[in-house]
Every structure is written in structure tokens, then in C-alpha cells.
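Results of the structural survey
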Amino acid sequence: MTQSFPSISASQFSTALALRPNLVAWFLGAGASAASGIPTGYDMIRNFKSEIFCRENNLSPKEVDTGDPVWLERIDRFFRQTSILPADGDPNEYAEAFEAVYPQPRHRRQYIDDAISKGTPCFGHRVLGSLIAAQKVDCVFTTNFDPLVEDAAGAANNLLPVEARARPTVAGIDSGERALRCLRESDWPLVAKLHGDYQSIAIKNTGTELEKQDDRMRHVLVEASQRFGLVFVGYSGRDLSVMDTLTSVLREPDAFPNGLYWVASSASKLLPAVTQFLEAAHTAGVDVAVVECKTFDELAADVIKRIDLPEVLIDHVMQAHPGPRLVPVVLPESTALQFPVLRYSALLIESIPRTARRITLTQSTTTPVVRDLLRGHGCKAIVAANGRELAVFGSDAEVMGILGPNGAKLDGTIVLDPARDSWALGLLYDALVKALSRYRPLIPRYKRSGHSLVVATRREGDDSERAHRQEQDLAQLRNAYGGAVSGTVQKLEFPFQEGVFLKLEQIEGRWWCGFEPYTFVDIPRAPETDHVAPSGGLSAERDVLGRSVDARGGDPAGDWRRERWAAKYNKNWASIIDAWAKLLTSTRDGSVRAFNFGDGEGVDAVFGLSPFTGWSRPAHQHDYFDRTK
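What counts as what
Per chain, residues are indexed from 1 in the order of the written sequence. Note on the predicted model: pLDDT of at least 70 is required for a residue's local features to be given, and 80 or more for side-chain atom pairs to be given and counted; whole-chain, interface and lining totals, by contrast, use all residues. Each side-chain value is worked out from all heavy atoms of the structure, with water and hydrogens disregarded. One requirement defines pairing of two strands: DSSP has to find at least two bridges between them. Working definition: helices are DSSP H or I runs of at least four residues, strands are E runs of at least two. Numbering for both runs from the N terminus. Contacts are assigned to residue pairs that have any heavy atoms within 4.5 Å of one another. All axes here are fitted lines through C-alpha atoms, helices being fitted over the stretch that makes contact, and every angle between N-to-C directions spans 0 to 180 degrees. In this analysis, rings of Phe, Tyr and Trp, with Trp reduced to its six-membered ring, are considered paired at centre separations within 6.5 Å, and the interplanar angle assigns stacked below 30 degrees, edge-to-face beyond 60, and tilted for intermediate values. For the exposure calls, accessible area comes from a 1.4 Å probe over protein chains only, and a residue counts as buried if that area is under 20% of its type's maximum, exposed if over 50%, partly exposed in between. In this scheme, the term charge over a ring applies when either NZ of a lysine or CZ of an arginine sits within 6 Å of the ring centre and within 35 degrees of the ring normal. Helix span is expected to be 1.5 Å times the residue number reduced by one. N or O atoms within 3.5 Å of each other form a polar contact, as long as, within protein, one can give a hydrogen and the other can take it, and as long as residues adjacent in sequence are counted only when both atoms are side-chain atoms. Side-chain atoms within 4.5 Å are what join buried Ala, Val, Leu, Ile, Met, Phe, Trp, Tyr and Cys residues into a set we call a nonpolar core. Known as pLDDT, the predictor's confidence for each residue is given on a scale from 0 to 100.

A few words now on the sheet that holds strand S10 (residues 355-365). One open sheet holds the four strands; their spatial order is S12-S10-S11-S21, and the pairing between them is antiparallel. Among the strands making up the open sheet, the edge pair consists of strand S12 (409-415) and strand S21 (602-603). As paired elements, S10 and strand S11 (residues 382-395) share five bridges and run antiparallel to each other. Looking at the pairing, Thr365 lines up with Gly387 of S11. In the packing of helix H15 (residues 367-376) onto the sheet, the strands contacted are S10 and S11, and the crossing angle to S11 comes to about 35°. In the packing of helix H16 (residues 396-403) onto the sheet, the strands contacted are S10, S11, S12 and S21, and the crossing angle to S11 comes to about 135°.

With that settled, the discussion passes to the side chain of Ser452. Among the structural elements, Ser452 can be located in strand S14 (residues 452-455). Setting aside residues no more than four positions away along its own chain, Ser452 makes contact with Val433, Ile443, Pro444, Arg445, Val500, Phe501, Leu502 and Phe520.

This part is about the packing of aromatic side chains. Under the criterion given, the structure shown has 20 aromatic pairs. On the basis of an interplanar angle of 80° and a centroid distance of 5.4 Å, the ring pair of Trp188 and Phe228 is categorised as edge-to-face. Residue Trp188 is found in the loop between helix H8 (176-185) and strand S5 (190-193), and its partner Phe228 is found in the loop between helix H10 (215-225) and strand S6 (229-233); the two are separated by 40 residues along the sequence. Ring geometry for Tyr481 against Trp565: centres 5.9 Å apart, planes inclined by 80°, an arrangement best described as edge-to-face. With Tyr481 in helix H19 (residues 475-481) and Trp565 in helix H20 (residues 558-566), the pair connects residues that are 84 residues apart, well separated along the chain. Taking relative accessible area as the criterion, Trp565 reaches 14% and is therefore assigned buried. Connected via pairs of aromatic rings, a cluster forms that spans Phe27, Phe232, Tyr235, Phe256, Trp262 and Phe277. Seen from the ring of Phe79, Lys49 lies directly overhead, with NZ or CZ sitting 5.5 Å from the centre. A cation over an aromatic ring shows up here: Arg74 above the ring of Trp71, its NZ or CZ 5.1 Å from the ring centre.

Over its twelve residues, helix H3 (residues 69-80) extends 16 Å from the first C-alpha to the last, a length consistent with the 16 Å expected when each residue adds 1.5 Å. Listed as buried for H3 are Trp71, Arg74, Ile75, Asp76, Arg77, Phe78 and Phe79. The N-capping residue of H3, defined by a side-chain oxygen 2.9 Å from the backbone nitrogen of Val70, is Asp68.

Turning next to unusual backbone geometry. Looking along the chain, the bond that leaves Trp188 and enters Pro189 is cis, with omega of 0°. Tracing the chain through its elements places Pro189 in the loop between H8 and S5. One non-glycine residue, Asn58, lies in the positive phi region at around 55°. Topologically, Asn58 is positioned in the loop between helix H2 (41-56) and H3.

Looking now at the nonpolar core. If you look at the biggest cluster of nonpolar residues, it comprises 49 residues, and the most contacted ones within it are Phe393, Leu416, Trp580 and Phe607. Tallying contributions element by element places helix H17 (residues 422-437) first for this core, with ten residues. The residues contacting Leu416, other than those within four sequence positions of it, are Pro353, Arg354, Thr355, Ala356, Ala391, Phe393, Trp423, Ala424, Leu427 and Leu428. Counting 41 residues, the second largest nonpolar core, distinct from the first, contains Ala171, Met217, Ala224 and Leu230.

Below, the discussion takes up the side chain of Ser610. With respect to the helices, strands and loops of the structure, Ser610 is situated in strand S22 (residues 606-615). A distance of 3.2 Å separates a polar side-chain atom of Ser610 from the backbone nitrogen of Phe612. Here Ser610 is in contact with Leu347, Leu348, Glu350 and Thr585, once residues within four sequence places are set aside.

Before going further, it helps to examine the confidence of the model for the chain. Of the residues in the chain, 87% reach a pLDDT of 70 or more, and the chain-wide mean stands at 84. Predicted confidence for residues 197-213 stays below pLDDT 50, and this span has 55 contacts to residues more than four positions away or in other chains.

Read from one edge of the open sheet, eight strands run S1-S8-S7-S6-S2-S3-S5-S4, paired in parallel fashion. The open sheet is flanked by strand S1 (7-9) and strand S4 (169-171), the only strands paired with a single partner. Going across the sheet, the axis of each strand differs from the next one's by a mean of 20°, ignoring polarity. Here three bridges tie S6 to strand S7 (residues 260-264), and the two strands are oriented parallel to one another. By the bridge assignment for S7, Val231 is matched with Tyr261.

Let us look at the environment of Ala179. Within the secondary structure, Ala179 sits in helix H8. Take Ala179: its relative accessible area is 0%, and that puts it in the buried class. Each C-alpha atom, one on Ala179 and one on Val191, is 8.3 Å from the other, the two residues being twelve residues apart in sequence. Those residues in contact with Ala179 that lie beyond four places of it in its chain are Ala171, Leu190, Met217 and Val220.

In C-alpha cells, the structure reads:
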């Protein structure tokens, strides 16, 4: 859907604002304080999620590095698999996360107080504070608790003669009457804090607190919106109470008489609730525009160029102006390293299957339903459902023998586009795991949270030749680990197997198979809570990291596993990655196949794998990367 309202630059907005700056009120969200060292709502959500993740998985926060993308992915995966918090981007995500970590209001106030104590007015605050002191801005609304706007205005006022000063009235949700008085008497400037002040007893953070806007503050916002235009800076639009209040203004005849301006890096980054509000305002005849600008500071830099201020305030503001981004630097003259500095546990997939067998059905179905049906008949085909069509890798005769009596028909092949279609990506992901386990001493494990391969253990009845071949195939892996790659956990007597998590991912137009080494421990659950696996045996409960979890909570093998990996440094990791890469890519023709049957029997999934893992590049091209030599 194409937006009906325009996007303008910060320069265009500032030019229009300079004509009558007092006709536009400012609305600041958490993003406006980001440059001041105060965490944004997104930062706080990340922090809360990390706290909950550690609590639920019996981990110390010191063990989790939230700056590491691997940990961030694990945390996100955990919340995708649970219902503890709403989904990413949900308007209630911040409120519910805050309440989950700090259920008591006084603890939430303490957290906010600690966060705010670290902040100092940024360049944008200095500009806005100077505009307030110079009587160029009459009204500021904010959902923030911090005192940065009033601090900046106070610092600017102290530079002016007493008779020229304009000190703002600050009103929170526990001092709404003060805001109403300013509105009735046009006693400007006013700074209205919609969710409370950091010194207030009442502040709004949780879902129940944010459900309804304080009646007096709601009235002030509605009345001001019938007098001023509004420019929104650093505000996401997640607060339903605020968005409902703003939407209600559109029913009034004089809604936003001097326009609506929403500052964002791009109109495409706006939340659906914001886009709907702006569309409704545009339909109601309000002048609406998205101001494309990345930060509060950048917008303020454009504004200060076009609005006249006393010289003393200009000097005051420019003292905090960010330094130029383009500065002279001395280029390094030393020779770049002639060898890559980082090895990735990822294999380049040089070719992936482009088509699968198409089977049409008489009615729509889902992938789990068809998969369970085939598995129940002992058919090992790989399948993905897309409405009334199936994409299948496997034997045509086997699949049709099961589905044919229900009206299924072979219908040529279907083109796979995993970059666009999630069902195609899932089909190829399943096929890759099966192909990598074929003819290797590896057992595939298919999980909704991510597939993995574990080394196969010797079974009763295995002939000596098979056992000898398996020993040979795993020899390099055992050498890399410095010991057995399967066995039992000391003192606990739980079976363990070394293995890898697998990930199929496209990066810069090329497909990669990432593999993350991990020690898998199978822990039987207590009898009263045992689950029966599809194969009929007991299934161990696992957490988001693939670890077995005791029914009473925690990971009983966690300490043992940490000790097992603690002494494995870079050299050991390089050997382990190399051993897994060789095991996964050891083929006659450089390809792995899910089935390996002849032409006409069905459609096979064939992947071409590079035997080399990914490497980071040095500062120049090196002969090492020329694999043709």
C-alpha cells in the first residue's frame, strides 16, 4: 500500500518551522534521549529479556554477553518458543517485560531513577531548551521521565537577562492541574510529562498503568492539539493510551491546525499504528508529513540554522554541537596481514536444489499433517505443504502409494525460492540435514527450534565392519576433541554425544551452512511427566540451547559441560571446526544427497558443498583465496 502523505527532509521541515515556530508543539519519545546516555525503550526491552532469559534458564547474567550476536539469537529464539512476552514489535512488549522483571512499582521507579541519573542534555535538548528560553517554543509533550528538557531550558535561561527569561512550567500525571492552568491561561511555556516525572510517586510503565491516559493530561493533550501543530521526535507510537488520545483529536473540527510531522529515518520504519494514525489524519484534512531524519541531534542542527536566537544562546548551543564526521586521519602504512584473522564455522553451499516434485491435493493441508501421515507408513520423504500443493523430495512411488488413494496427483515439479518462501526454506533445511547425515556416522535431530546432527553410538547387532568404518570416520573428530565423542556423563550416568547445531542462511546472495559444535546430553524425565517420542521411547525435555533440562528445573549436566569446554581455546576450536568441516564434506563428487536414487524414481535433494569453511579477509586480496592454484 502506497502512503498518501508525503515525506520531507529535515531541511524542508526546518524552513517551514522557522516561519512560525510557536505554532508547533514538540512531542519527544525515548529515542530523543538516546544520545544523552539514557537507554531507549528498545535497549530496556533487550535488558529485560536478558534478565528473564537468565532467570528461566538458571544462568548468571555474567555468563550472558548481550553484545554478542550469538547470545542475542539464543535469547530471541527462547522468547519465540515461549509465551512469557508478546512477540517482537508488539505495542505491549515493553510494558509486560518491565513488569515481568520488576513487579513492584517502587522497584520500577528505582530502575528509572538509576537510568536517568546517567543522562546529560544532548545537542538536541540544548537547541530545544534554547528555543523555549527564547520564547520560540510554547509547548513540549514527552513520554520520558527524565528532566533533560527542563534542565536544558534552565541552563539557557541563566544566560539571558532576568526580564527576557521564559522558564517552563513542568507538569506530570500527579500535577495535571498545573498543566490545565497553563492551558486555560495560555501561560507558556509548558513541559507536560504524559507518563510522569522521575520524581513522581505515580509513573506509567506497565500494561495496566498505560491502558488509560490520566484524564487531566489527556485533556491537555487534546486541547493543545487543537491549538498547535505537533512534531514527534524519537517516539515509536507504542503507547496505546497516547495513540488513542491523538486519534480522538481527529474527530474535532480544528485538529492539529498547524500540521503533523513525524520524524523517522524512513516512512517504512513506522509502526502500523503510526501509519494508520497519519493516514487517518491526512484523510481528515490535516497537513501530514514524515520528516526523514535519523536522530534528534540531526534535526536540531537543521532547526538551529534557520531560527534566529540571541547570540549568547547560539554560542551556548554550539558548544555541544557534535564534531564533524569527516576529519583528517593518518592512514596506516604497515603491511596488512597475509592470512585471514578469523575462521567461521560455516560452509559455502555452492549449489542448492532448484525444484522439487509437485503433488496436488483435493483440499488444503499443513506440513505437520502430511509429514506425520508419511512417517506413520514408514515413508522417509521430505515434504512441505503450501495450501493444496505439496513440494516433495523422495520416491514418487512411495509417496503416491500413501497419498494417491486420497486423490493426490503428480503434477510435474515446483520451483523453490527459499529467499522468498518460508515453506521452501524449511523444505531445503530438512533436506540438507538429512543429506549431511547420509553415509556418515551421524544422526539427524529435527526440532522446531533448530535442527542438529549428533555422532552415532554403536548399537547392539552392528557388524564389525560397520563398527570399524565408523571408528575410522570419527577418528579425526576424536583427535580434535582430545577424547571420546560419546559416552556417559561422570557421576550422573547420562548418555552424551558431541554434535552440531545446523543453520541454513543466505548472506549477501550466497547460501551458507552454519554449524555450531555442542555437547548434547540426554536426561530422562521423571516418570510422572515423561513424554513419549514419535519413535516410542522417552524424550528428554530441552531448552532453547538444545540442552536437556531436568523436570525439576535447571540443567544437571551444565557444570560438567562447562568444564568439558572451558579448556578448549582457539587452537582446539580450530581443530574441532576443521574436523567437522571434513566430516560433513567428505564426498566423492563434492555433493551430498538426501536419497541417491535413479532418474525417474522421484526428485532428489542434491547440495554442492565447498570443502573450505568461511574466513574473514585481510585488507587486500591474497593468493590464499585463489583456490584454482
